[in-house]
Amino acid sequence: MSPLKQVFLIAQRDFLQRIRSRVFLISMLIIVGVVVVAGPLLAAQSAVQKPYKIGVTGTVPDNFQQAVDASAQAFDRTVTVTSYASTAEGEAALEKGDANVLLVDGNQLVWNEDPSYQLSAIVTSAVQSLERSKNIATLGLGEQEAAQLLSPEPLASRSLTAPDPSQAPKQVASYVGSILLYISILMFGQFVMLGVMEEKQSRVVEVVLSRTRPRWLLAGKVLGIGLLGVIQLVVIGGAALFTLSRANVVNVDLAGIGARVALTVLIWYLLGYALFAVLYAALGATISRQEDAQGVAFIPILAIVPGFFLSIYALEEPNAVLPHLGSIIPPFSPFVMPTRMTVTNVPTWEVALSVVLILLATYWVLRLGARIYQGSILRIGAKVKLRDALRAGSEQ
Amino acid sequence: MLELSNLQKRYGNVVALDGVTFEVRPGRVVGFLGPNGAGKTTAMRCVFGLVRPDAGEVRWNGSPVGPQDHLRFGYMPEERGLYPKMKIREQLVYFGRLSGMDPSAASSAADRWLSRLGLSDRALSKLEDLSHGNQQRVQLAVSLVHGPELAVLDEPFAGLDPIGVEDMAATLRELADTGAGIVFSSHQLDLVQDVCQDVVIIDHGRVVLAGPLAELRDRSDYRHLEITVDGEPWTPDLPGVETIGDSGQRYLIRTGVDAEAVLHRAKQDGAVTSFSFEPPNLSDLFRQAVKR
């Protein structure tokens, strides 16, 4: 019986026992459901902006509707105009939210609370352009002269870098990816920790270790539960891609971005999970009781949470010093690098350095973690001190 | 054959094993006895590499025991435990396979054990849904599912009811009949005397008595004496006769003392209604060996 076969059997058992559990299946179905439903809702919300509701009362400038439509168009917005019999009625509509602004006698804007600068600009420019037209007509200018006066040549404009219409969707996708990574590493890392602890708690570990070595049990467990994480990511990623492929946003290849983010998240999940799962396993081996689990679970969180926050920071400022360093240095890199890779162009050498560093860190944690694991896995009862576990582990 | 040779293990200032040496021959059942804390569990763990001795060696058929040998052994630890939420048939198959059986052999061995334990109808039950006694039987089945050549069982009879004890004893005898060596620890000395051919008694990490039980009993310097006169226990007030325990009814007598003379003396006090004079039982040997 080769150790590899034993590792495979152990991984298979952990994987099957968990994937069959109702709690796991239901929680995954809920997440998939949320992703599939929330996608189109969010897309619908952001794609269609509601029209501004303008109330008018008293004297209304002639052709106000056309003028305000035209000026709203300049802001990429639409408007509706409703007439009210009196100022009081108009103000009541403002309070009820039936109108966003009330134009009184064509010369006064009334707001319910804070003015909207965009809406104010739309209405003001509409009223002023009508005023100008009236004045031009009074001056007796011809139609062409009037048009020249009212619509001068617009200023030419150019950008040094072409704006990327996909930047916003990239940020959103990357944000979702960060959260997924954070949840996955935390969730499956803790699965490993609790799995190790439960084997000690139920005392089955002595039966298992009479047939295999601690390091193979550790490897099998980390692999089996890690695979479970991969399956969950693939299912959720698939649901997200399905949602994105049905959303319709002009000029942006949402499905393409989604696929890239999903792939990046998957790769960095594997790198990050390997590092943290071994740490969690080692910590799980030092405890035999649920009450002690909280006490040790915070240790990896000390590294995971800053990584997650750095990744959020990196969404807006991917090249600021902290996200830049965080994307290269473990244990933050599995969270920060995928974000940077999505929202900006990271030089290949930085990615390579980051991967090498996290692999080195994983190797180091694996050696140390395996020692702690071996040194404490058979010591049932009170929590094993890390120093004692290390000493005992080195004797194994 | 399993040989433990001069095993030493120390935990800080506590000496757990102090030169433990004994062997388990094929087809023999060895009772491994000793007071609590004598080092029995530590010695058993050494066989599986669960504890690494500071010195000494565990050998199987003449070579140091390695991971591949462990797969030919069966182990039932003192602290019982399997996967509580796993179905019992799955557990048997899993542990069979972990010991190197192929899937079909592991499946049929699992079914055989389930039917033997009368648990075939519970094959799909989770372990935690079984009674304590049945969990213990599954635990034994897990340690023997792969047909081991050596079984190391730490207190296998603890917590069993009389029927469970009989079943367990029968199982161990059958396994020994197949040629497997068996070593088990127990505090139930009568039981050990019934089941074992060999005994090893350990105290403070040292083997204080070891060998075939019948030989040890014969070789003893003492004989076990019990006399009733007129239906009442009779106290032999003679040199060389020691009282066992506080009961005042059983005595140990040095082999040099003349049993005839004792009987003669008893007859002077009345009619001897019973007279038993035989080699010491295991309890007597144990007490002598550990001087308690």
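Note that the structure is predicted; figures quoted are calculated from it, not measured.

Reading guide: rules and limits
Residues numbered from 1 in each chain as written. Chains lettered and ligands numbered in written order. Predicted model: local features only at pLDDT ≥ 70, side-chain atom pairs only at ≥ 80, totals over all residues. Heavy atoms only, no water. Helix = DSSP H or I, 4+ residues; strand = E, 2+ residues; numbered from the N terminus. Buried < 20%, exposed > 50% of the residue type's maximum accessible area, 1.4 Å probe, protein only. Contact = heavy atoms within 4.5 Å. Areas by Shrake-Rupley, 256 points an atom, 1.4 Å probe, with all protein chains shown as cover. Buried area = accessible area lost by both parts, 1.4 Å probe. Salt bridge = Lys/Arg side-chain N within 4 Å of Asp/Glu carboxyl O. Pairing = 2+ DSSP bridges. Right-handed = clockwise from strand over helix to strand, strands pointing away. Axes fitted to C-alpha atoms, helices over the stretch in contact; angles between N-to-C directions. Left-handed = near helix turned anticlockwise from the far one by under 90°. Nonpolar A, V, L, I, M, F, W, Y, C, P; charged D, E, K, R; others polar. Core = buried A, V, L, I, M, F, W, Y, C linked by side-chain atoms within 4.5 Å. pLDDT = per-residue confidence, 0-100. Parallel < 35°, antiparallel > 145°, perpendicular 65-115°, else oblique.

Some points on the overall build of chain B
Scanning chain B from N- to C-terminus turns up 10 helices and 15 strands. Projected onto the principal axes, the alpha-carbon positions of chain B cover approximately 75 × 45 × 35 Å. Residues counted as buried form 50% of the 292 residues belonging to chain B. The long-range fraction of contacts in chain B, counting pairs at least 24 apart against all pairs at least 6 apart in sequence, stands at 70%. As displayed, chain B has an accessible area near 13,200 Å², and 47% of this comes from carbon and sulfur atoms.

Considerations on unusual backbone geometry
Here the amide bond leading from Pro330(A) into Pro331(A) is cis, since omega sits at 5 degrees, within 30 degrees of zero. The residue Pro331(A) is located in the loop between helix 12 (321-326) and helix 13 (333-343) in this model. Although it is not a glycine, Glu155(B) adopts a positive phi angle of roughly 55 degrees. In this structure, Glu155(B) sits in the loop between strand 7 (150-153) and helix 6 (162-177). Even without being a glycine, His204(B) presents a positive backbone phi close to 50 degrees. Residue His204(B) is classed as exposed on the basis of its relative accessible area, which comes to 56%.

Some remarks on the interface of chain B and chain A
On the chain A side, the residues contacting the 31 residues of chain B number 22 residues. Buried surface at the junction of chain B and chain A, both sides included, amounts to about 2,500 Å², of which 54% is carbon and sulfur. When residues of chain B are sorted by the area they lose upon contact with chain A, Leu50(B), Tyr83(B) and Leu98(B) head the list and together hold 25% of the total. Between Arg203(A) and Glu79(B) there is a salt bridge, with the nearest N and O atoms lying 2.6 Å from each other.

Digging into the pairing of strand 1 (residues 52-57) of chain A
All names here are of chain A. Strand 1 sits mainly inside the fold: 5 of its 6 residues count as buried. Relative to strand 2 (residues 79-84), strand 1 runs parallel, the two sharing 6 bridges. Bridge pairing in strand 2 links Val56 to Ser83. Running through helix 3 (residues 64-74), the crossover from strand 1 to the neighbouring parallel element strand 2 is right-handed.

Here's the deal with the packing of helix 9 (residues 214-246) of chain A against helix 14 (residues 348-376) of chain A
Residues and elements named next belong to chain A. Where helix 9 meets helix 14, the axes come as close as 9 Å, and the angle between the chain directions of the two elements is 115 degrees. In terms of crossing hand, the pair formed by helix 9 and helix 14 is right-handed. Residues Pro214, Arg215, Leu217 and Leu218 of helix 9 form the contact with helix 14, whose participating residues are Ala370, Tyr373 and Gln374. Across the contact of helix 9 with helix 14, the residue classes tally to 5 nonpolar, 1 polar and 1 charged.

Re the nonpolar core
Burial of nonpolar side chains together is a common tendency in soluble globular proteins. Grouped together as the largest cluster of nonpolar side chains are 148 residues, with contacts concentrated most on Leu2(B), Leu4(B), Val47(B), Phe95(B), Phe157(B), Ile182(B) and Phe184(B). Ranked by residues supplied to this core, first place goes to helix 10 (residues 254-285) of chain A with 15 residues. Setting aside residues no more than four positions away along its own chain, Phe95(B) makes contact with Val204(A), Val207(A), Val208(A), Arg211(A), Leu82(B), Tyr83(B), Val142(B) and Val145(B). Membership of the second largest hydrophobic core comes to 17 residues, among which are Ile54(A), Val56(A), Ala67(A) and Val68(A).

A word on the sheet that holds strand 9 (residues 198-203) of chain B
All names here are of chain B. Taken in spatial order, the 6 strands make up an open sheet running 6-7-8-3-9-10, and their pairing is mixed. Pairing within the sheet leaves two strands with one partner each, and these edge strands are strand 6 (73-76) and strand 10 (206-212). Strand-to-strand twist across the sheet, computed as the mean angle between neighbouring axes with direction ignored, equals 15 degrees. As judged from the 6 bridges shared by strand 9 and strand 10, these two strands associate in the antiparallel manner. What sits directly across from Val199, in strand 10, is Gly211. Together, strand 6 and strand 7 form the strand contacts of helix 5 (residues 132-144), whose direction differs from that of strand 6 by roughly 155 degrees. The strands touched by helix 6 within the sheet are strand 3 (29-33), strand 6, strand 7 and strand 8 (181-185), with strand 8 carrying the most contacts at an inclination of about 150 degrees.

Points about the pattern of salt bridges
What the rule picks out here adds up to 25 salt bridges over all chains. Of the charged contacts in the structure, one is a salt bridge between Asp269(B) and Arg265(B), with a shortest N-O distance of 3.2 Å. Here Arg265(B) and Asp269(B) lie together in helix 9 (residues 259-269), a separation of 4 residues that amounts to about one turn. One network of salt bridges, with partners in common, ties together Arg13(A), Asp14(A), Arg18(A), Glu199(A) and Lys221(A).

Details of the sheet that holds strand 2 of chain A
Residue and element names in this part refer to chain A. Read across the open sheet, the 4 strands follow the order 2-1-3-4; overall the sheet is mixed. Single-partner strands in this sheet number two, and they are strand 2 and strand 4 (108-110). With direction set aside, neighbouring strand axes in the sheet form an average angle of 25 degrees. Bridge count between strand 1 and strand 3 (residues 101-104): 4 bridges; the pairing is parallel.

Section: the confidence of the model for chain B
Predicted confidence across chain B gives a mean pLDDT of 89, with 95% of residues reaching 70 or more. Two numbers describe this predicted complex: its pTM, 0.78, and its ipTM, 0.87.

Looking at the environment of Val196(A)
All names here are of chain A. The topology assignment puts Val196 in helix 7 (residues 167-201). The class of Val196 is buried, set by a relative accessible area of 1%. Along the backbone, Val196 and Arg340 are 144 residues apart, and their C-alpha atoms lie at a distance of 34 Å. Residues within four places of Val196 in sequence aside, it is in contact with Lys221, Ala281, Gly284, Ala285, Tyr373 and Ile377.

So, the packing of helix 1 (residues 3-19) of chain A against helix 3 (residues 88-98) of chain B
One can describe the packing of helix 1 of chain A onto helix 3 of chain B by two numbers: an axis separation of 10 Å at closest approach and a directional angle of 160 degrees. Of the possible angle classes, the one that applies to helix 1 of chain A and helix 3 of chain B is roughly antiparallel. At the point where helix 1 of chain A passes helix 3 of chain B, the crossing takes the left-handed sense. Facing Gln6(A), Leu9(A), Ile10(A), Gln12(A), Arg13(A) and Gln17(A) of helix 1 of chain A, the residues of helix 3 of chain B in contact are Glu90(B), Tyr94(B), Arg97(B) and Leu98(B).

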